[in-house]
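Structural description and commentary
As a plain string of letters, each chain reads:
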Amino acid sequence: MITMLCTVFLSLTLASSVYSETNSPASPPAYTAETELGDQNRVFASRGSNVTLPCRLHRQHGMSFGSVGMRIKWTKLSADESLEEDVLVSMGFHKKSYDSFQGRVHLQEADDDDASLVLSDVSLDDVGKFRCEVIDGIDDVIHEVTLEVQGVVFPYSPRLGRYNLNFHDAEQACLDQDSVVASFDQLYEAWRSGMDWCNAGWLNDGSVQYPVTKPRGPCGGANIRAGLRNYGQREKSKSHYDVFCFTSGLKGRLYWLVQPDKLTFTEAVQACQNDGAEIANVAQMYAAWKLNGYDRCDSGWLADGSVRYPISRPRRNCSPTEAAVRFVGFPDKKQKLFGVYCFKGQQ
């Protein structure tokens, strides 16, 4: 089989970004895949939207996607690219989608050279690298494209405290907050945007890292330049750290519920329900703060039993040095000391 592999590898370092392209077939193939370079090889979408992942065939002789024997296969790569999940397979008029992609994907087929995938109702689990493979006899063309969703990375640790999550617990902790474990690229972009956090956390490839923008002794050393501190791959069942989660924009509204009195946790949950909403989770607070500029200098209960408040305009007595989601702690749920943040989804 004569194989042409067109792909872009993105290598991120602490100080620079470098990409390289591999394109060295033994002889000219019958087909070439259209590969966009740099950021154009990335497709951006919002949660719940529809998106098209491009894949086009430049043919040198007359075959089309509807031809007998032409096979198109879309797969999604795991975070470490060791596994492939089937998305859609097409051969002529026969097409099949798989698992969570059933009913959400189809080929665009704008013309005979178009193998682009249309994905509807984009979710956080869809974020990552997709591979389009077009096979016709001895010719095999591969194109890769990365799907990204606008969102925010946030650190998370449970009520038990720092460094209590193995990788599988970390996945569940993020899921409980309506989010997913962040990728290296997502944490890197958060660091570039100023994220500084001195606790190590899991990423979705099984590595453990943390971002430092202000080098200092307790965070890897004052004489080491800013960047991502990397512990490398860790044993997923036995190693315990915090986690970096990723969530996207809100499909609804987070708000402070005005109440005459302070509330216990149980009363806070009920108060939101009485207002036709639900108690907000940590991911919703981070999304409202980071993406919508939400600012409120009142400590309030969240769904995991923690108490936090979001500050986008630093000021005296309200996070005076930086914009941040301030963490008060996990107080006794029977304490009648705090208000509550609620979330009301779009109707």
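That block above? That's the structure.
This one's a predicted model, so the numbers in the text were calculated from it and none came from an experiment. (Residues numbered from 1 in each chain as written. Predicted model: local features only at pLDDT ≥ 70, side-chain atom pairs only at ≥ 80, totals over all residues. Heavy atoms only, no water.)

1. Section: the overall build of the protein
What counts here: The helix count covers DSSP runs of H or I at least four residues long, the strand count covers runs of E at least two residues long, and both are numbered beginning at the N terminus. Under the scheme applied here, a residue whose accessible area is under 20% of the maximum for its type counts as buried, over 50% as exposed, and between as partly exposed, the area being computed with a 1.4 Å probe on protein chains only. Calculation of accessible area relied on Shrake-Rupley with a 1.4 Å probe; when residues are assessed, cover is drawn exclusively from the protein chains displayed.
A tally of regular secondary structure across the protein gives four helices and 25 strands. The buried share of the protein, reckoned over its 347 residues, is 48%. Here the protein displays about 17000 Å² of accessible surface, and carbon together with sulfur accounts for 48% of that area.

2. Considering the state of the cysteines
Counted only if it meets this: By disulfide we mean two sulfur atoms from cysteines, separated by a distance within 2.5 Å.
This model, assessed by the stated rule, comprises five disulfides. There is a disulfide in this structure between Cys 174 and Cys 245, and the S-S distance comes to 2.0 Å. Residues Cys 174 and Cys 245 are joined through a disulfide that is left-handed, its torsion about the S-S bond being -85 degrees. Of this pair, Cys 174 sits in helix α1 (residues 167-176) while Cys 245 sits in strand β19 (residues 242-248), and the two are 71 residues apart along the sequence.

3. Side note on the sheet that holds strand β11 (residues 117-119)
Put simply, the test is: A strand pair is defined by DSSP finding two or more bridges across the two strands. Inter-axis angles, ranging from 0 to 180 degrees, are taken between N-to-C directions of lines fitted to C-alpha atoms, where helices are fitted over the stretch in contact.
Taken in spatial order, the three strands of this open sheet run β5-β11-β10, and their pairing is antiparallel. The sheet is open, and its two borders are formed by β5 (51-53) and β10 (105-107), each paired with just one other strand. Looking at each pair of strands side by side, their axes are set apart by 25 degrees on average, direction ignored. Examined bridge by bridge, β5 and β11 share three bridges and lie antiparallel to one another. Following the sheet pairing, Thr 52 is matched in β11 by Val 118.

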